[in-house]
Amino acid sequence: MATGPNQDTVVLGMEAYSPAEIQEKVEKLGVKKATMPFLPSFMLSIVAGGSIGLGGMFFLIVLADPTLSFAVQKVLGGVVFSLGLSLVMIGGAELFTGNCLIVMARANGQITTAQVLRNWITVWIGNAVGAMGLVFLIFMSHHPDLGNGAIAGATLKLALAKTAPDSVTIFFKGIMCNLLVCLAVWLAYAGRSVADKILAMTLPVAAFVAAGFEHCIANLYFLPLALLLKFTGHVPEGIDVAALTVNGVLHNLLFATLGNIVGGSVFVGGIYWLIYRKGLGGLHPLPERTPVQVVAAKAATGR
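Residues numbered from 1 in each chain as written. Predicted model: local features only at pLDDT ≥ 70, side-chain atom pairs only at ≥ 80, totals over all residues. Heavy atoms only, no water.

1. Description of the overall build of the protein chain
Counting its secondary structure elements, the protein chain contains 13 helices and zero strands. Taking 19 Å as the expected radius of gyration for a compact globule of 303 residues, we find that the protein chain reaches 21 Å, a close match to that expectation. If one aligns the C-alpha atoms of the protein chain with their principal axes, the spans along those axes are about 65 × 60 × 30 Å. Relative to all contacts within the protein chain whose residues are 6 or more apart in sequence, the contacts with residues 24 or more apart total 85%. Only carbon and sulfur atoms are counted for the fraction: they give 71% of the accessible area of the protein chain, which is about 14300 Å². Looking at the protein chain, you have 18 positive and 14 negative side-chain charges, and the mean spots of the two groups are 10 Å apart. (Helix = DSSP H or I, 4+ residues; strand = E, 2+ residues; numbered from the N terminus. Rg over C-alpha atoms; globule rule 2.2 N^0.38 Å. Contact = heavy atoms within 4.5 Å. Areas by Shrake-Rupley, 256 points an atom, 1.4 Å probe, with all protein chains shown as cover. Lys, Arg positive; Asp, Glu negative; His and termini not counted. Charge placed at Lys NZ, Arg CZ, Asp CG, Glu CD.)

So this is what it looks like as structure tokens:
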């Protein structure tokens with residue numbers, strides 16, 4: 001049996017990373033994500049969109065069961081939906097909502113506003129391609145027909161509920177959603193093992209799903225699938241889909257996306273940056289910037 005310092009190192013190494021260590025990790029990852037070449041960034045974004053869609057597929061199976069009580073259906077549905085973020089965080093992919101945390105690197109001046117926006121646009125579009133690509137695969141597999149069309153019915157009812165609220169409501173639902181999603185990502189970075197990371201992510205993800213908040217990338221799976229079911233006539237009896245329109249879907253996606261940006265970048269990234277970097281100075285000093293980086297930062301801020 002091993003003894004001495006090596007054994008102590010192994011034991012201590014099993015502890016979770018501290019919040020200050022997470023902050024430093026998020027900053028470094030923010031730089032890496034914002035400076036990643038287009039092709040890998042876009043392809044990893046497609047993977048993430050499909051991964052979140054798989055979580056949505058799993059969620060709809062629970063939502064389609066009418067025998068479950070309201071709370072059980074929502075909480076259990078949220079737990080199984082966490083499959084999506086688990087695939088992203090463990091498998092490695094670029095998810096728009098999680099990438100709202102790269103504002104921490106921007107606040108340090110390590111990357112420019114243009115790099116942040118380029119990353120967000122690239123990743124959002126890649127996520128859309130991945131999510132809607134999965135919609136096609138799911139539709140062609142006749143998955144919505146399961147349960148005598150119960151999954152199709154659940155998909156359509158969910159889409160109607162998501163497109164009905166006004167823009168302000170969707171915006172604030174988007175804020176609350178990505179506050180919880182980015183907290184899930186933050187907690188996942190504290191873990192040192194796969195099990196740690198999955199356990200840390202599950203409850204925040206389950207909470208936002210159970211509460212009915214709006215995740216723009218998940219909606220890029222749910223809403224296009226619902227439209228496809230409507231336009232191809234796969235609508236169970238008793239469901240009026242007249243209110244489900246393309247404009248309604250775009251309305252949801254726009255304000256959910258804006259809310260997600262505020263929820264993740266301001267209420268998680270911004271607050272943790274103020275605490276651990278601005279307030280406490282971070283674990284280590286920021287790396288010295290090259291003259292080129294300094295010039296780029298000044299150009300971006302106009303100073």
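2. Focus on the pattern of salt bridges
Going through the model one piece at a time under the given rule, you end up with three salt bridges. A salt bridge links Lys-33 to Glu-94, with the nearest nitrogen and oxygen atoms 2.8 Å apart. You can see Lys-33 sitting in helix H2 (residues 19-34) and its partner Glu-94 sitting in the loop between helix H5 (83-91) and helix H6 (103-107), a full 61 residues away along the chain. For the pair formed by Lys-33 and Glu-94, the shared burial category is buried. (Salt bridge = Lys/Arg side-chain N within 4 Å of Asp/Glu carboxyl O. Buried < 20%, exposed > 50% of the residue type's maximum accessible area, 1.4 Å probe, protein only.)

3. Quick look at the nonpolar core
Across soluble globular proteins, nonpolar side chains have a tendency to be buried as a group. In this structure, Leu-60, Phe-81, Phe-208 and Tyr-221 are the most contacted members of the largest nonpolar core, which totals 73 residues. Not counting residues up to four positions away in its chain, the partners in contact with Phe-81 are Ile-52, Gly-55, Gly-56, Phe-59, Val-205, Phe-208, Val-209, Ala-218 and Phe-222. (Core = buried A, V, L, I, M, F, W, Y, C linked by side-chain atoms within 4.5 Å.)

4. Points about the packing of aromatic side chains
A full pass over the atoms with the stated rule returns nine aromatic pairs. Consider the rings of Phe-96 and Trp-120, whose centres lie 6.3 Å apart with planes at 70°: the pair is edge-to-face. In this pair, Phe-96 sits in the loop between H5 and H6 while Trp-120 sits in helix H7 (residues 113-140), placing the two residues 24 residues apart along the sequence. An aromatic cluster is present here, built from Phe-59, Phe-81, Phe-208, Tyr-221 and Phe-222 joined pairwise through their rings. Sitting above the plane of the Tyr-17 ring, Lys-25 keeps its charged end 4.0 Å from the centroid. Directly above the ring of Tyr-17 sits Arg-192, whose terminal nitrogen or CZ lies 4.0 Å from the centroid. (Phe/Tyr/Trp six-rings, centres within 6.5 Å; stacked < 30°, edge-to-face > 60°. Lys NZ or Arg CZ within 6 Å of the ring centre and 35° of its normal.)

5. Looking at unusual backbone geometry
In most cases, non-glycine residues show a negative phi, while peptide bonds are predominantly trans. Positive phi values are uncommon outside glycine, yet His-142 reaches one of about 65°. Here His-142 lies in the loop between H7 and helix H8 (146-163).

6. Here's the deal with the environment of Ile-111
Take Ile-111: it is sitting in the loop between H6 and H7. Each C-alpha atom, one on Ile-111 and one on Ala-34, is 7.2 Å from the other, the two residues being 77 residues apart in sequence. In contact with Ile-111, not counting residues within four places along its chain, are Gly-30, Val-31, Ala-34, Ile-102, Ala-105, Arg-106 and Val-116.

7. Re the packing of helix H9 (residues 167-190) against helix H12 (residues 246-279)
Their axes nearest at 6 Å, the elements H9 and H12 cross at an angle of 45°. In this view, H9 runs oblique relative to H12, as classed from their interaxial angle. Where H9 crosses over H12, the handedness of that crossing is right-handed. Looking at side-chain class alone, the contact of H9 with H12 contains 15 nonpolar, nine polar and no charged residues. (Axes fitted to C-alpha atoms, helices over the stretch in contact; angles between N-to-C directions. Parallel < 35°, antiparallel > 145°, perpendicular 65-115°, else oblique. Left-handed = near helix turned anticlockwise from the far one by under 90°. Nonpolar A, V, L, I, M, F, W, Y, C, P; charged D, E, K, R; others polar.)

8. Observations regarding the side chain of Ser-41
Mapped onto the elements, Ser-41 comes out in helix H3 (residues 38-63). A relative accessible area of 4% places Ser-41 in the buried class. Not counting the four nearest positions on each side in its chain, Ser-41 is found in contact with Met-36, Glu-94, Asn-119, Thr-122 and Val-123.

9. Some remarks on a nonpolar patch on the surface
A surface patch of nonpolar side chains, amounting to about 450 Å² of accessible area, comprises Val-266, Phe-267, Ile-271, Ile-275 and Leu-280. Using a relative accessible area of 40% as the deciding quantity, one classes Phe-267 as partly exposed. (Patch = residues over 30% accessible without salt bridge, like charges linked within 9 Å, V, L, I, M, F, W, Y side chains within 5 Å.)

10. Details of H12
Between its first and last C-alpha, H12 extends 46 Å over 34 residues, near the 50 Å set by a 1.5 Å rise per residue. Along H12, the sharpest change in direction is near 30° and occurs at Trp-273. Just downstream of H12, Gly-281 is the residue with a positive phi angle, here 85°. (Expected span 1.5 Å × (residues − 1). Bend = angle between axes of the 7 residues up to and from the residue.)

11. Describing the environment of Lys-278
Within the secondary structure layout, Lys-278 lies in helix H12. Separated by 170 residues in the primary sequence, Lys-278 and Asn-108 place their C-alpha atoms 9.1 Å from one another.

12. Things to note about H2
With 16 residues, H2 should cover 22 Å at 1.5 Å per step; its first-to-last C-alpha distance of 22 Å lies within 8% of that length. Within H2 the residues assigned to the buried category are Ala-20, Ile-22, Gln-23, Glu-24, Val-26, Glu-27, Gly-30, Lys-33 and Ala-34. Looking at the packing, one finds that the buried side of H2 touches H6, H7, H9 and H12.

13. Concerning the packing of helix H11 (residues 216-231) against H12
Axes are the key here: two packed helices are described by the angle between their axes and the distance separating the axes. The interhelical angle for the contact between H11 and H12, taken along N-to-C directions, is 175°, at an axis separation of 10 Å. Relative to H12, H11 is oriented roughly antiparallel. Contact with H11, carried on its side by Cys-216, Asn-219, Leu-220, Leu-223, Leu-227 and Phe-231, involves Val-246, Val-249, Asn-252, Leu-253, Ala-256, Thr-257 and Asn-260 of H12 and no other residues of that element. Taken together, the residues of the contact of H11 with H12 break down into nine nonpolar, four polar and no charged.

Spatial relationships are all this shows, so hold off on functional conclusions.
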